[in-house]
Structure formats: structure tokens, C-alpha cells
Amino acid sequence: QKEVEQNSGPLSVPEGAIASLNCTYSDRGSQSFFWYRQYSGKSPELIMSIYSNGDKEDGRFTAQLNKASQYVSLLIRDSQPSDSATYLCAVNPIGFGNEKLTFGTGTRLTIIP
Amino acid sequence: DTAVSQTPKYLVTQMGNDKSIKCEQNLGHDTMYWYKQDSKKFLKIMFSYNNKELIINETVPNRFSPKSPDKAHLNLHINSLELGDSAVYFCASSHLRGGIDTQYFGPGTRLTVL
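Cut-offs applied
- Each chain carries its own residue numbering, running from 1 in the written order of its sequence.
- For naming, the first written chain is A and the first written ligand is 1, with later ones following in the order written.
- In view of the model being predicted, local features appear only for residues whose pLDDT reaches at least 70, and side-chain atom pairs are presented and counted only at 80 or more, with totals across whole chains, interfaces and linings using the full set of residues.
- Side-chain numbers here rest on the full set of heavy atoms in the structure, without hydrogens or water.
- For the purposes of this entry, the term helix denotes a DSSP run of H or I that reaches at least four residues, the term strand denotes a run of E that reaches at least two, and both are numbered from the N terminus.
- Only C-alpha atoms enter the radius of gyration, while the globule expectation follows 2.2 Å times N to the 0.38, with N the number of residues.
- Partly exposed describes any residue whose relative accessible area lies between the buried limit of under 20% and the exposed limit of over 50%, with all areas from a 1.4 Å probe on protein chains only and scaled to the type maximum.
- A pair of sulfur atoms, both from cysteines and within 2.5 Å, is called a disulfide here.
- Put simply, buried Ala, Val, Leu, Ile, Met, Phe, Trp, Tyr and Cys residues joined by side-chain atoms within 4.5 Å make one nonpolar core.
- What makes two residues a contact is simply this: any of their non-hydrogen atoms within 4.5 Å.
- Aromatic pairs are defined between Phe, Tyr and Trp rings, using the six-membered ring for Trp, whenever the two ring centres lie within 6.5 Å; interplanar angles under 30 degrees are classed as stacked, those over 60 as edge-to-face, and all others as tilted.
- Cation placement over rings: the criterion is NZ of Lys or CZ of Arg within 6 Å of the ring centroid and within 35° of the ring normal.
- For two strands to count as paired, DSSP must find a minimum of two bridges between them.

Asker: Would you take a moment to explain the overall build of chain B for this structure?
Answerer: The number of helices and strands found in chain B is zero helices and 11 strands. When its helices and strands are written in sequence order, chain B yields β-β-β-β-β-β-β-β-β-β-β. Radius of gyration (C-alpha) of chain B: 13 Å, near the 13 Å computed for a compact globule of 114 residues. The dimensions of chain B, computed from C-alpha atoms along their principal axes, are 40 × 30 × 25 Å. The buried share of chain B, reckoned over its 114 residues, is 45%.

Spelled out as C-alpha cells, the structure:
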């Protein structure tokens, strides 16, 4: 079983709609969770981090965490063509912080104008 | 102004050669990392150094040897390159105080082994 699983996509969403990206993880002791965005040919950049159950909002982005279900998601409201990228879910399986991140394989998101 | 820089950006070499990739960060961070991203875009940590000390060493062939001369630099030397070493290698850095901080990634080095 993979430690961090994501649907590889591609996920196509019309411009202006909500894009929903999902991630599950296997280590129940994980404490910190991150969403990175990676444009083609570029390096990953952090867009959201979440540590507690519930929702965390930052602009058009909302991260949702459910530790009981071992599930973390990212919602992108009012999707823009510039949101087209691969979104990587990352989990720290050894405790609090980001010393050792385990990444999922990423979901490729395409926003259709 | 570049926060995390890597050289070279592209590296094409023959099997069996030895090569190095250099990384520098000017963010004042105390922790640096090397990641490998394969052709399927899977990003996996290889090594992590905190204040020049190795703190994470994943299951990586011993042909790969990281070296941190100071907190701002983390280099990666690879001996006897193999076809399977072809990938994009990313350097990253962060603070480890309390553990919660963003990892900033360098632009990557695309290594192609022929």
C-alpha cells in the first residue's frame, strides 16, 4: 500500500467551477499535511499546510483534514486557467513538522476556459 | 535574489561517469534536502542535513554521497552513473525550529544518463 495516494488524473474542471483534489495516507500517526503546486518543468511550491481536523481557508484555496478517515483534500474555488498544474499532497509520517515529507504521485489539474 | 539555486540546470552524461550537483540557499535556513523526481513525477526524499549534520538518509545507493560544507550549501555527488539515475533532482531548504516551516525548492537539475 502506498503511503500517500492521489488520483493521478487528469482532472478537467471548467473555468469558474470548484476543483476538488483528494489525498489519503496510511500512517495514522501523521500530524502535518501539505499541498504543493507544480507547474510543468518547474519546482514544487507550497500553497497550503494543515495540522488540525477541519477546514483551513486561504483565498480561493481550502484545505480539509479528517484524521479519523486519514483523508486530506484541497478545494480551489473560482478555478482559473493559471491553476492548471500538478498538485502534490505531502504528509509528514514521523510527527509534527516537515522534516521528512512523503509525497503522493500528484493529480494533474486542467482548467478549461 | 534567488532563494534556492542549483547548478547545473541540465546534465547529460554517459553511464559510468561521476558527476556533482551543487545547491545553495540564501534564506538563512538550517535544514537542506535532496529529492529525486522520476519520469512519473514521483517526488521522493533522498537526504536531509540540519546544520551540516545528516538527519535523513533514505534507502539510496551508496553511489550517492551528499556533502554539506556549511549551512548554506548541500552538494550531491554521484559515482558510476546508471541509466536509472536519470531524473530531476531538487534541492530544498527550510527551518527546523519547532518543525513547522515551508520547504522552498530549487529549480531542479535534469540529469540524463545515456
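Still more ground to cover, so stick around.
Asker: Honestly, unusual backbone geometry in this entry has me stumped. Any pointers?
Answerer: Note: most residues except glycine have negative phi, and most peptide bonds are trans. Here the bond from Gly9 of chain A into Pro10 of chain A is cis, since omega is 10°, no more than 30 degrees from zero. Of note, the bond from Thr7 of chain B into Pro8 of chain B is cis; its omega dihedral lies within 30 degrees of zero at -5°. Structurally, Pro8 of chain B can be placed in the loop between strand 1 (4–7) and strand 2 (10–13). At Lys41 of chain B, a residue that is not glycine, the phi angle is positive and equals roughly 75°. Within the fold, Lys41 of chain B resides in the loop between strand 4 (31–37) and strand 5 (43–50).

Asker: Just checking my understanding: could you explain the state of the cysteines for this structure?
Answerer: Two cysteines, two sulfur atoms, one covalent bond between them: this is a disulfide. Applying the stated rule across the entire model yields two disulfides over all chains. Disulfide partner of Cys23 of chain A: Cys89 of chain A, at an S-S distance of 2.1 Å. What sets the handedness of the Cys23 of chain A and Cys89 of chain A disulfide is the S-S torsion sign, and at about -75° it is left-handed. Pair noted here: Cys23 of chain A is in strand 3 (residues 19–25) and Cys89 of chain A is in strand 9 (residues 85–92), with a separation of 66 residues, a long-range link. Of the residues examined, Cys23 of chain A reaches a relative accessible area of 1% and is grouped as buried. Disulfide pairing places Cys23 of chain B opposite Cys91 of chain B at an S-S distance of 1.9 Å. Measuring the twist about the S-S bond at about -80°, one finds the Cys23 of chain B-Cys91 of chain B disulfide to be left-handed. Taken together, the positions of Cys23 of chain B in strand 3 (residues 19–25) and Cys91 of chain B in strand 9 (residues 87–94) put the pair 68 residues apart, joining distant regions of the chain. For the pair formed by Cys23 of chain B and Cys91 of chain B, the shared burial category is buried.

Asker: I tried to follow the nonpolar core on my own but got confused; where do I start?
Answerer: Side chains of a nonpolar character, in soluble globular proteins, are inclined to be buried together. In this structure, Trp35, Val72, Leu74, Ile76 and Tyr87 of chain A are the most contacted members of the largest nonpolar core, which totals 23 residues. Contact partners of Leu74 of chain A, with chain neighbours within four places excluded, come to Ala19, Ser20, Leu21, Trp35, Ile47, Met48, Phe61, Thr62, Ala63 and Tyr87 of chain A. Core analysis: the second largest hydrophobic core is formed by 19 residues, Met32, Phe47, Tyr49 and Leu81 of chain B among them.

Asker: How should the environment of Val13 of chain A be read in this particular structure?
Answerer: All names here are of chain A. Following the sequence through the fold, Val13 ends up in strand 2 (residues 11–14). With a relative accessible area of 6%, Val13 lands in the buried category. As a C-alpha pair, Val13 and Thr110 span 97 residues in sequence and 6.3 Å in three-dimensional space.

Asker: Before we go on, may I ask you to explain the packing of aromatic side chains in this structure?
Answerer: Each aromatic ring pair is characterised by the separation of its centres together with the angle its planes make. Applying the stated criterion to the full structure yields 10 aromatic pairs over all chains. For the pair Tyr25 of chain A and Phe33 of chain A, a centre-to-centre distance of 4.8 Å together with 45° between the ring planes defines the contact as tilted. Take Tyr25 of chain A: its relative accessible area is 5%, and that puts it in the buried class. The class for Phe33 of chain A is buried, based on a relative accessible area of 0%. Counting every residue linked through ring pairs, the aromatic cluster contains Tyr36 and Phe103 of chain A together with Tyr33, Tyr35, Phe90 and Phe105 of chain B. The positively charged end of Arg60 of chain A is found above the aromatic ring belonging to Phe61 of chain A, 5.6 Å away from the centroid.

Asker: What is the right way to read the pairing of strand 3 of chain A from this model?
Answerer: Side-chain direction in a regular strand flips from residue to residue, so the side chains alternate between the two faces of the sheet. All names here are of chain A. Judged by which residues are buried, strand 3 turns out to be one-sided: Ala19, Leu21, Cys23 and Tyr25 face inward and are buried, whereas Ser20, Asn22 and Thr24, on the alternate face, are not. Relative to strand 3, strand 1 (residues 4–6) runs antiparallel, the two sharing three bridges. Within strand 3, the residue paired with Val4 across the bridge is Tyr25.

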